[in-house]
Protein chains: 2
Amino acid sequence: MKSFTIGLTQFAAGEFVASNLDLAERQVREAAGAGANVICLQEMVSTLYFCRTEDPAHFSLAESIPGATTDRFASIAKELGIVLVLPLFEKRATGLYHNTAAVIDADGTFLGKYRKMHIPEDPGFHEKFYFTPGDLGYRAWDTAFGKIGVLICWDQWYPEAARLTAMQGANVIFYPTAIGWLPEEKPTLGAAQHTAWETVQRGHAVANGCYIAAANRIGTEGETEFWGQSFVANPYGEVVGRAPENEEAILTAEIDLEKLEEFRRIWPFFRDRRIDSYGQIGERWIDDAP
Amino acid sequence: MKSFTIGLTQFAAGEFVASNLDLAERQVREAAGAGANVICLQEMVSTLYFCRTEDPAHFSLAESIPGATTDRFASIAKELGIVLVLPLFEKRATGLYHNTAAVIDADGTFLGKYRKMHIPEDPGFHEKFYFTPGDLGYRAWDTAFGKIGVLICWDQWYPEAARLTAMQGANVIFYPTAIGWLPEEKPTLGAAQHTAWETVQRGHAVANGCYIAAANRIGTEGETEFWGQSFVANPYGEVVGRAPENEEAILTAEIDLEKLEEFRRIWPFFRDRRIDSYGQIGERWIDDAP
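Reading guide: rules and limits
- Residues numbered from 1 in each chain as written.
- Chains lettered and ligands numbered in written order.
- Predicted model: local features only at pLDDT ≥ 70, side-chain atom pairs only at ≥ 80, totals over all residues.
- Heavy atoms only, no water.
- Contact = heavy atoms within 4.5 Å.
- Buried area = accessible area lost by both parts, 1.4 Å probe.
- Salt bridge = Lys/Arg side-chain N within 4 Å of Asp/Glu carboxyl O.
- Polar contact = N/O pair within 3.5 Å; in protein donor to acceptor, adjacent residues only side chain to side chain.
- Helix = DSSP H or I, 4+ residues; strand = E, 2+ residues; numbered from the N terminus.
- Pairing = 2+ DSSP bridges.
- Axes fitted to C-alpha atoms, helices over the stretch in contact; angles between N-to-C directions.
- Core = buried A, V, L, I, M, F, W, Y, C linked by side-chain atoms within 4.5 Å.
- Buried < 20%, exposed > 50% of the residue type's maximum accessible area, 1.4 Å probe, protein only.
- Least-squares fit on C-alpha atoms with pLDDT ≥ 70 in both.

A. Molecular detail of the interface of chain B and chain A. At the junction of the two partners, chain B supplies 59 residues and chain A supplies 59 residues. Buried surface at the junction of chain B and chain A, both sides included, amounts to about 5800 Å², of which 62% is carbon and sulfur. The interface formed by chain B and chain A includes 8 salt bridges. One salt bridge connects Asp122(A) with Arg271(B), and the closest N-O pair in it is separated by 3.7 Å. Our count for the chain B to chain A interface comes out at 32 residue pairs in polar contact (both at pLDDT 80 or more). Only helix 4 (159–166), helix 5 (186–208) and helix 6 (257–266) of chain B provide two or more residues apiece to the side of chain B that touches chain A. Looking at the side of chain B that touches chain A element by element, the count peaks at 11 residues for helix 5 of chain B.

B. Examining the sheet that holds strand 14 (residues 239–242) of chain B more closely. Residue and element names in this part refer to chain B. Taking strand neighbours across the sheet as the criterion, the 6 strands line up as 6-7-8-10-13-14 in an open arrangement whose pairing is mixed. On the outer flanks of this sheet lie strand 6 (140–142) and strand 14, each paired with one strand and no other. Each adjacent strand pair in this sheet contributes to an overall mean axis angle of 20°, direction not counted. Direction of pairing for strand 6 relative to strand 7 (residues 147–150): antiparallel, over a ladder of 3 bridges. Bridge pairing links Asp142 to Lys147 in strand 7. Contacting strand 6, strand 7 and strand 8 (172–177), helix 4 crosses the sheet at an angle of about 140° to strand 8.

C. The nonpolar core, seen in detail. Counting 134 residues, the largest nonpolar core has Ile6(A), Trp157(A), Phe174(A), Ile6(B), Trp157(B) and Phe174(B) as its most contacted members. Sequence-distant contacts of Ile6(A), defined by excluding residues within four places in its chain, comprise Ala36(A), Val38(A), Val172(A), Phe174(A), Ala213(A), Val232(A), Leu251(A), Thr252(A), Ala253(A) and Ile255(A).

D. Just the pattern of salt bridges, in detail. Residues and elements named next belong to chain A. Under the defined criterion, the tally for this structure stands at 44 salt bridges over all chains. Note that Arg26 is salt-bridged to Glu248, the shortest N-O span being 3.0 Å. Placement of Arg26 in helix 1 (residues 17–33) and of Glu248 in the loop between strand 14 (239–242) and strand 15 (249–256) is noted, with a sequence separation of 222 residues between them. Through salt bridges with shared partners, one network takes in Asp22, Glu25, Arg29, Arg72 and Glu79.

E. A look at unusual backbone geometry. Ile65(A) connects to Pro66(A) through a cis peptide bond whose omega is 0°. Relative to the helices and strands, Pro66(A) resides in the loop between strand 2 (38–40) and helix 2 (68–80).

F. Structural context of the relation of the copies chain B and chain A. With an RMSD of 0.0 Å, chain B superimposes on chain A once it is rotated by 180° and translated 0.0 Å along the axis. The transformation relating the two chain copies, once decomposed into turn and shift, fits a two-fold axis. Taking C-alpha positions as reference, the residue of chain B nearest the rotation axis is Gly203(B), located at 2.3 Å. The residues that chain B uses at the interface reappear at the interface of chain A in 100% of cases, marking a shared surface.

G. Representation of the pairing of strand 4 (residues 96–104) of chain B in the model. Residues and elements named next belong to chain B. Across the 9 residues of strand 4, 8 count as buried, placing the element largely inside the fold. Taken together, the 9 bridges between strand 3 (residues 83–93) and strand 4 define a ladder with antiparallel strand orientation. Across the sheet, the residue bridging to Leu84 is Ile104, located in strand 4. In sequence, strand 3 turns back onto strand 4 through a hairpin of 2 residues, with Gly95 there showing a positive phi of about 80°. The sheet contact formed by strand 4 and strand 5 (residues 110–115) spans 5 bridges and is antiparallel. From the neighbouring strand, Ala101 faces strand 5, where its bridge partner is Tyr114. Connecting strand 4 to the antiparallel partner strand 5 that follows it, the hairpin turn spans 5 residues, and Gly108 within it adopts a positive phi of roughly 90°.

Structure, rendered in structure tokens:
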């Protein structure tokens, strides 16, 4: 297969899980109708971004993966013949939860899941209260349309995560996301923050000679204004598609495997990695000698 | 110190080492006159980019580091009270050469050297013939004006190199560079290649919350058109200064340590690195299970 089409979706979540999932299904059908073969939904697609506060009641929103929601979307995937990246709030055991994405193949097969490895904890983003850091490591899956990897939101700031996903052969890395502006930061830092977010992911695309695709929610929840702008970058770091900042949208883009091949032939970065010299990547910081 | 000023220089090299070094000295004096405290020159500042072909005669261009050229520029650094990153072709022993940058403090002290770790070998860039890959690892130095790191050209495509330099406390990473277009690629890929080059380095700035500063030569040597455009990016990945594509230039920019501090407080990426999960960074590729 020389190319396939991906689709990203973004919408403003509401209070009710059932409505959010209906909206997600509608967007998946729309993206498939627009030609998407592999569709990625936004982070925690079934709920509001409840991590704005720390409230044990929100654990009621979690579910098993696989479970009822993945079963429902597996049927849709099979019906439409599309691959799905479906991010949900996972209940693993009583008192043990993850921020997870399920990967479903075009025949409805549940291929596996990725559990978010890097968990933020910042004003308005209290994820360490809810989510145990992932323990499945980095993953890539062979799907009906190509090999894909999945990372989630805060992971996008970590070159190590993208590298370890690309090293498994992922030709595109999906990033379901929930990132937005806080009102006290937006006037002075808003544009810079968006630039940083997009740029670091474009950088991962270049460093790994792969495509990057981020699906980010829209809408204002409490004081947090999610900035949408789901986008796709090619191996040159060029943004080949970008959704609006505050409109519900689906975005499709071609994953051109010949372009990826050409890039890695001209700039064969993987050939020259100094794997003998990276040991201290596993340290927290490199302190001065005492 | 809350900030300091860096300077980058770019020029078209000629055949004669003496003339190139005179030009380099003039640019250093000009940059210092413009307020630069820490000045980085382009890769292999004393010579043409001789790696376009494989010719043993070019080994005559190499010199000891420290040696006559670092002594000359150490005197200039002391006279002007500036820190210098001085990239030269290093002869370490008969038959053993490196692509190296010397770091000289503002009192003329030779602080040490960085030997390029990642060595390319591509049409027009036959560096594996000339340079043994560096064996000093990644480095950062305390200088009179701040802690700096140095990487060289092909290193810029490797997030691992930037990470390991930043983890030593470098607030700015300098990249002396010699990158350009080949005539058979420029019409179709030239713009994308420049975007990729700038973007991946801007990504390193974001991922590590530091400044990045690349000094690239200009001029056409043989068929290779070096693209200049030396630039500085801040921790948000914003380009805060960029030199022209084909004009001799010095570029100055402020390294604002308060901005760096603010960035890392709002987005404390180093806090959340999953150092338990990065072990396979030291592998060549992650193959499917047999």
